[in-house]
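# Descriptive structure summary
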Amino acid sequence: MPDFLLEIGCEEIPARMIDAASQELRERVAALLNRERLSSSGNLSSFDTPRRLAVLAPGIAAAQDDVTEQVTGPSATVAYKDGQPTPAAHAFAKKAGVDVSQLATISTTRGEYLAAKITKKGRSAAEILAEELPKEIASLYWPKSMYWRQPSERFIRPVRWLVAMLDEDVIRLEFGGIRAEKTSRGHRSLSNGAVTIARAGTGYVDALRHAKVLGRDERDQQIRKALDAATRTIRGARWREDKALLDKVVNLTEFPSVVLGNFDPDYLVLPEEVLVTVMRDHQSYFAVEQASGKLLPHFLTALNTDDDPQGLIRHGNERVLRARFNDARFFWQTDQKISLLERLELLRHVTFQKDLGSYYEKTQRVQRLCSWLSELLKQSGMAVRPGVIHKAACLAKADLTTELVKEFTELQGIVGGLYARVQELDPSLPKATRLAIADAIYDHYKPESTDDEVPRSVEGAVLSIADKADTIAGMFALGLVPSGSKDPFALRRQANGIVKVIAEKRLPFRLTKLMQDTRAGYQGSEAEKKFIAPRSFEDSIRTFFYERLEFYLRDVRGYALDVVRAVLAADADDAVDAIGRAAAVKEVMHVPEFQAIGAACKRIRNILKQARENGFEPAGKFEYLPGAAEEEKTLMAYLERTSPRVEVHRNQKQYLDALLLLSTARELIDNFFDKVMVMVDDEQVRANRLALLQTLLKEFSTIADFSEIVIEGKNPSKTDS
């Protein structure tokens, strides 16, 4: 069982694309090996740098096993006449590659048919891989691709070499005009270039390490150690942890080192957010700070080389950073000449979306929506400052006209919050109010990912929701719904943000109603003339937010999929309530009473479904008929006694107490199914019992649909009656 190695060598791949491409290539190779019955004896591993994507599979099959299968031919009545094979039998034998005497007769549900056993000889791994790997390489997804020889041969960057081996043997494959060989390449400047791979396996990694090319984990560790070592030269300093930046520089290097640079302390008068954005997003530098978190006038940059003995690289980076900081300082000072309030009119000339108008119009819609949401919060008893929200909504997009945001687009929203802090928006406003407005503006793009924090204040949360909801409602009303991997307006991310803010701030907003009210904000506009029908809008929005809430509960909160689906089957419109119900269901789902009730709910649902399919409808309500079984009367009496108490718990959001109370019905339900036949001939009795089951199912499904719960090791399907 030889080890397999595939390496695709090319010009430098953009850092942001490497991880996804690496995972996809590994998955494609694993699927190919499984599909062709060549599966690896161990886990596949990757080795990726800016100049290569590689996959190593230990111990794959050298060749496919031979496969014997039985194929069916014509019926026996057609294949034989008077005991002799007909032309149909001879034709089948020829097609199967056997003599007619080797044909057998088998019995099937359709009668007797001719059959033959065919042995397919397994192909060698080298032959299969040479044929299939180029297709898999060509199928890798890239946001953009290049071609350098023929338009039909595309890749993210020009392919310069290929290594494809089974142990010490080369696989004769070709891609992009390059034939696979045993020769890889080392570091551009720290090695002699060509690296001969003697054998696939661990020797590949060792050979590249000797040529100053490290694997991803080694580069990560080497950069971290170098960052630590550099900051130890400054008393009381530490480098600011930044996982996204670290991942980026790991994918920019093959053999990294770190250089410490400095900048003029005078630049520290600029807001920290501006300085860090310039260093992080524009130069890929790590910030250096004191233990208190205060920024220091130093930076760290990762190099794709082992040293900077004469300090030339450090001086070059310091010069570039100085120019960027000068730009930022100039833009900051220039922007102060026009206040945020004066910039509001400039938004008339900034397009939000070609069919939805300008950012000035968006600002007006968001203000109206914020006023309505503030009123809902007041009605629910939450403390909120509508005036703060209104003023923040008015100024939230004004920074889009500033020079600083035009240069550093990552700072939109943040710049608005910073400017609101230093500008006198209204002399009559107390300082605390002005700062609250500034904080709401600063936070209104949050959260930008599921890992990001939500806005700090209720006012910022309302503005964040309103801004995102306006975008989603407008796009959906135009029919611009995300599909597959296509989401050019980042609507999924914004919807995730809405769900997260509502959930973590515990706001009383129902998702569908929120989006209906938001769409109503477009009423009377030119955009409304292009909108789809309200019903189609509501259906697509409901499905969209169901998926976002499911994602939040499963991937962010960590609830099992069956718990999430059970909870959302009862109500998928209230994020806060869904979390409370999910927590309660998680507590009881392993309790024996609820496992039995879950199976009973499945059974009840099946009975009601089959009844309707046969034209049998439940009665309007259950009645105590003279001939009713004692078990059904007892069960209904239990429901009549218990339902009001359960409803009290539900109304008070005491879902665990409600579920524990419902669990006491288990024995009565078991007795009912053991002793009572539902689908009897008597129409009145049958309809009455169906009504009882419908009432019972409704009572259990107000918190969660327990028929969605997966019961491990149980087979809930019983004969329904």
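Refer to the structure above for everything that follows.
Before going into details, it helps to say that this report is about the structure given with it. On a predicted model such as this, the values are computed, not experimentally measured, just so you know.

Conventions adopted
Residues numbered from 1 in each chain as written. Predicted model: local features only at pLDDT ≥ 70, side-chain atom pairs only at ≥ 80, totals over all residues. Heavy atoms only, no water. Axes fitted to C-alpha atoms, helices over the stretch in contact; angles between N-to-C directions. Helix = DSSP H or I, 4+ residues; strand = E, 2+ residues; numbered from the N terminus. Parallel < 35°, antiparallel > 145°, perpendicular 65-115°, else oblique. Left-handed = near helix turned anticlockwise from the far one by under 90°. Contact = heavy atoms within 4.5 Å. Nonpolar A, V, L, I, M, F, W, Y, C, P; charged D, E, K, R; others polar. 1 Å grid on protein atoms, 1.4 Å probe; cavity = no way out; pocket = protein on both sides within 12 Å on 5 of 7 lines; lining within 4 Å. Points joined across faces, edges and corners; volume = space filled by probe spheres on them. Core = buried A, V, L, I, M, F, W, Y, C linked by side-chain atoms within 4.5 Å. Buried < 20%, exposed > 50% of the residue type's maximum accessible area, 1.4 Å probe, protein only. Pairing = 2+ DSSP bridges.

## Notes on the packing of helix α23 (residues 630-651) against helix α25 (residues 666-675)
- Interhelical geometry of α23 versus α25 gives an angle of 155 degrees and a closest axis separation of 9 Å. What the angle tells us is that α23 and α25 run roughly antiparallel. Taken as a pair, α23 and α25 cross one another with a handedness that is left-handed. Judged by residue contacts, Glu-631, Glu-632, Thr-634, Leu-635 and Tyr-638 of α23 engage Leu-668, Ile-669, Asn-671, Phe-672 and Lys-675 from α25.
- Split into classes, the residues belonging to the contact of α23 with α25 amount to five nonpolar, two polar and three charged.

## Section: the layout of surface pockets
- Volume-wise, the largest pocket comes out at about 760 Å³.
- By residue number, the principal contributor to the lining of the largest pocket is helix α8 (residues 272-283), which donates six residues.
- Partitioning the lining of the largest pocket into residue classes produces five nonpolar, three polar and 13 charged.
- In this structure, the second largest pocket occupies an estimated 490 Å³ of space.
- Those elements that place two or more of their residues in the lining of the second largest pocket are β21 (351-353), α11 (359-380), α16 (458-477) and α17 (491-505).
- Counting residues per element, the lining of the second largest pocket draws most heavily on α16, which supplies four residues.

## What to know about the nonpolar core
- With 145 residues, the main nonpolar core has Ile-472 and Phe-545 as its most contacted residues.
- In terms of residue count, the dominant contributor to this core is α16 (12 residues).
- Once residues lying within four places of it in the same chain are set aside, the contact partners of Ile-472 are Leu-491, Gln-494, Ala-495, Ile-498, Met-515, Ile-541, Phe-544 and Phe-545.
- Listed in part, the 37 residues of the second largest apolar core include Leu-53, Ala-125, Ile-128 and Leu-162.

## Here's the deal with the pairing of strand β8 (residues 111-120)
- Two strands pair when backbone bridges link them, and strand β4 (residues 67-75) and β8 are joined in this way by seven bridges, in the antiparallel orientation. Across the sheet, residue Thr-72 finds its bridge partner in β8, namely Ala-115.
- Inspection of the sheet shows strand β7 (residues 104-108) paired to β8 by five bridges, in the antiparallel sense. Among the inter-strand pairings, Thr-105 is bridged to a residue of β8, identified as Leu-114.
- In this antiparallel pair of consecutive strands, β7 and β8, the connection spans two residues.

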